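In case you want the letters, here they are:
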Amino acid sequence: MSIRIKITSCVGCKRCAEVCPGNLIKIVNNRAVIRREKDCWGCTSCLKECKTGAIEFFLGADIGGKGSVLSVEDKGDLRTWTVKRLDGSSETITVNTKESNKY
Amino acid sequence: MEKLIQVEKINTDILIIGGGTAGCYAAYTFGQNGKHKVLIAEKANIKRSGCLAAGVNAINAYITEGRVPQDYVDYCKKDAKGIVREDLLLSISENLNEVTHKLEENGLVILKDENGKYVTRGNRNIKINGENIKPILARMAEAQENVTVINHVNITDLMVKDNKVFGAVGFDVNSQKAYVIIAKAVLIATGGAAGLYRPNNPGFSRHKMWYPPFNTGAGYAMGINAGAEMTTLEMRFIALRCKDTIAPTGTIAQGVRAKQMNGKGEIYETKYGVATCERVYGTTEENRLGNGPCYLKTDEISKEQEDELYKAYLNMAPSQTLKWLEGGQGPAEQNVEIEGTEPYIVGGHTASGFWVDNKRATTVKGLYAAGDVAGGAPQKYVTGALVEGKLAALGIEEFLAEGQEAYSDDSWETIVSQYEKFLNNEEENITIEQLEESMQKIMDEYAGGITKAYQFNETGLNLAKEKITGLFEVLETLRAHDTDGLLQIYEIKERLTVCLSLIEHLKARKETRWHSFAENKNYPDEDKNFEIYVNSIKEDNQIKIIKRPLVVDDYKPLIFAFEGNKLVDAGGEV
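Residues numbered from 1 in each chain as written. Chains lettered and ligands numbered in written order. Predicted model: local features only at pLDDT ≥ 70, side-chain atom pairs only at ≥ 80, totals over all residues. Heavy atoms only, no water.

1. Side note on the sheet that holds strand E3 (residues 56–59) of chain B
All names here are of chain B.
- Pairing is antiparallel in the open sheet, where 3 strands are placed in the order E3-E5-E4. The open sheet is flanked by E3 and strand E4 (109–110), the only strands paired with a single partner.
- Across 3 bridges, the pairing between E3 and strand E5 (residues 126–130) is antiparallel. What sits directly across from alanine 58, in E5, is lysine 127. (Pairing = 2+ DSSP bridges. Helix = DSSP H or I, 4+ residues; strand = E, 2+ residues; numbered from the N terminus.)

Structure, rendered in structure tokens:
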């Protein structure tokens with residue numbers, strides 16, 4: 001369970017470092033870096049803060065991860081989550097943030 | 001070169017330690033009166049700190065139409081087999097709906113039917129989109145003119161003189177700076193304790209746990225060290241969760257009515273009882289008897305229901321949706337495997353925590369507690385923690401109205417020199433990570449962790465005490481490379497402190513009232529003599545057990561009495 005920060009997309013804005021509930025992200029040479037990837041809780045707060053889509057989320061192999069990544073993009077009230085698999089296939093789910101869960 | 005810490009002193013009327021659920025709502029409440037200067041010290045950032053970082057699946061404590069607050073008290077009492085504070089529960093129940101409506105006014109999305117009424121999920125629950133509940137609460141706190149927030153400051157010690165609190169000391173987790181905060185009253189709202197026991201996924205995903213891994217029992221530890229009384233720590237909480245991702249099961253169990261099923265295809269849903277602890281116990285027993293793995297039977301749900309589950313999980317535990325999509329099989333095709341988590345200490349779900357009175361005052365004068373850190377009132381969930389924030393704030397306003405003088409001395413110097421010691425220790429063989437693993441292994445093996453099916457006995461507990469005590473010596477030798485390292489050291493120190501108190505509590509309740517939560521193999525049955533609270537205080541570096549009679553039925557609020565700063569009544573002794 002952890003995140004990967006794409007150094008080419010990160011602009012060093014610090015928003016992720018600011019909100020991480022575990023203080024796990026620091027800024028080194030104007031880019032975000034995760035201090036200890038094993039300590040990530042998986043809350044995805046950093047993904048939601050990132051304005052350049054530089055952060056992706058993945059499951060460790062010990063809990064069934066196979067290398068897919070989850071990313072998120074907001075447009076108005078719509079939040080689109082994308083799962084990209086290693087074979088290149090992907091799926092998206094859009095959630096209206098103004099709508100309640102059905103369950 | 002020796003690393004030194006710069007010190008900043010701050011004066012405030014009220015210090016709130018921890019800007020999570022209870023802390024933010026307390027700050028919001030102080031803002032309604034606006035009279036006092038309030039400071040929140042938060043070790044992360046209040047926007048996403050505490051239990052609500054990823055969101056929450058439902059409001060699980062709400063008085064639905066046709067029900068009354070007493071119903072909620074009765075439910076909690078039954079679920080906890082009688083060991084609750086009915087006065088605390090009633091005061092929570094009476095305010096649950098008000099705090100829910102305040103959240104809705106501030107932007108929380110709650111599902112309504114065509115008549116504008118909340119849609120319920122079971123007897124006490126309503127359906128929401130809880131993804132942004134923490135940013136909403138943070139805004140409510142920050143909007144108050146008399147409230148200041150300092151993020152990324154980790155408070156480690158309370159300053160107490162003659163049983164009265166006068167402030168706290170902490171450090172900036174990102175720079176070599178200490179804060180000495182002088183306050184007339186302190187509200188502790190630091191949450192419960194995770195990471196005491198070896199977790200479900202001890203390897204790469206060690207922090208993929210139910211409770212926030214960053215809630216490490218700081219409040220309990222500060223209270224214990226300041227001589228505050230704790231209650232019912234032995235009522236551990238173990239959550240029944242989706243295997244691996246440790247995501248909630250309630251959304252599936254209540255949402256699509258999936259039943260608990262063992263590996264032989266037998267439904268064991270009610271075989272072991274339906275109390276919270278018994279649902280965990282049932283799954284644990286089925287596994288222990290060789291009938292595992294255990295599941296929630298979801299393979300009969302429709303594709304539409306599956307799609308809704310994907311969305312619901314993205315709003316609170318995205319890893320579960322990722323696991324379903326990544327594996328190529330969703331819950332409509334494959335039953336969801338379930339397991340119990342490692343034991344946590346958390347007063348929002350069980351009765352563990354500070355022994356507080358009805359105004360949420362602790363046994364240390366001027367020190368209040370709310371939310372997961374406060375004991376006596378299980379099944380608080382989010383809304384109960386909000387209520388406790390409110391009630392503690394009102395209690396503090398009353399306390400300050402009596403006229404409190406600020407006091408300060410130089411006792412903070414010892415605490416700051418402790419920080420400097422860790423920063424200047426030589427590098428040794430034992431690392432922070434090793435010490436954490438050692439603590440978790442000891443607790444797992446001798447104090448009823450996952451690998452022992454949550455069972456323990458006195459011989460094992462005595463060994464746990466001896467071994468955990470030994471780790472304190474190793475702790476003193478750890479080196480912090482920076483204040484982030486210092487944070488990690490203090491997070492272990494806090495947990496070791498909680499472990500020692502927990503062990504004494506587990507030993508003291510010589511019965512098994514709650515399966516799995518406190519499965520004492522020396523005393524496998526319930527015992528009427530233990531219809532009491534098991535409380536404790538630390539005196540002369542020893543944990544002393546105090547047994548107190550139950551506060552029952554008439555809901556008469558328990559209010560502590562002090563003569564000067566000395567506690568003279570906190571509920572009688574057995």
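Next, the rest of the story.
2. Considerations on the domain arrangement of chain B
Residues and elements named next belong to chain B.
- By the assigned domains, chain B splits into domain 1 (6–56 + 67–93 + 132–237 + 343–412), domain 2 (240–340) and domain 3 (413–532).
- With both sides pooled, the region where domain 1 packs onto domain 2 buries about 970 Å², and carbon together with sulfur makes up 47% of that total.
- A per-residue breakdown of the area domain 1 buries against domain 2 is headed by Asn200, Lys208 and Trp210, which together make up 41% of the total.
- Our count for the domain 1 to domain 2 interface comes out at 1 salt bridge.
- We note a salt bridge from glutamate 278 to lysine 81, for which the minimum N-O separation is 2.6 Å. (Domains from an automatic or database assignment. Buried area = accessible area lost by both parts, 1.4 Å probe. Salt bridge = Lys/Arg side-chain N within 4 Å of Asp/Glu carboxyl O.)

3. Thoughts on the pattern of salt bridges
- This structure, assessed with the given rule, holds 53 salt bridges over all chains.
- A salt bridge links glutamate 427 of chain B to arginine 479 of chain B; the shortest N-O distance between them is 3.6 Å. Linking glutamate 427 of chain B in the loop between helix H12 (412–424) and helix H13 (432–446) with arginine 479 of chain B in the loop between helix H14 (458–475) and helix H15 (483–508), this pair joins segments that are 52 residues apart in sequence.
- One network of salt bridges, in which partners are shared, links Arg35, Arg36, Lys38 and Asp39 of chain A together with Arg206, Glu433, Glu436, Asp484 and Arg495 of chain B.

4. Quick notes on the pairing of strand E2 (residues 25–28) of chain A
All names here are of chain A.
- Examined bridge by bridge, E2 and strand E3 (residues 31–34) share 4 bridges and lie antiparallel to one another. Paired with valine 28 across the strands is arginine 31, a residue of E3.
- Following E2, the chain reverses through 2 residues before pairing antiparallel with E3; asparagine 29 in that reversal takes a positive phi of roughly 50°.

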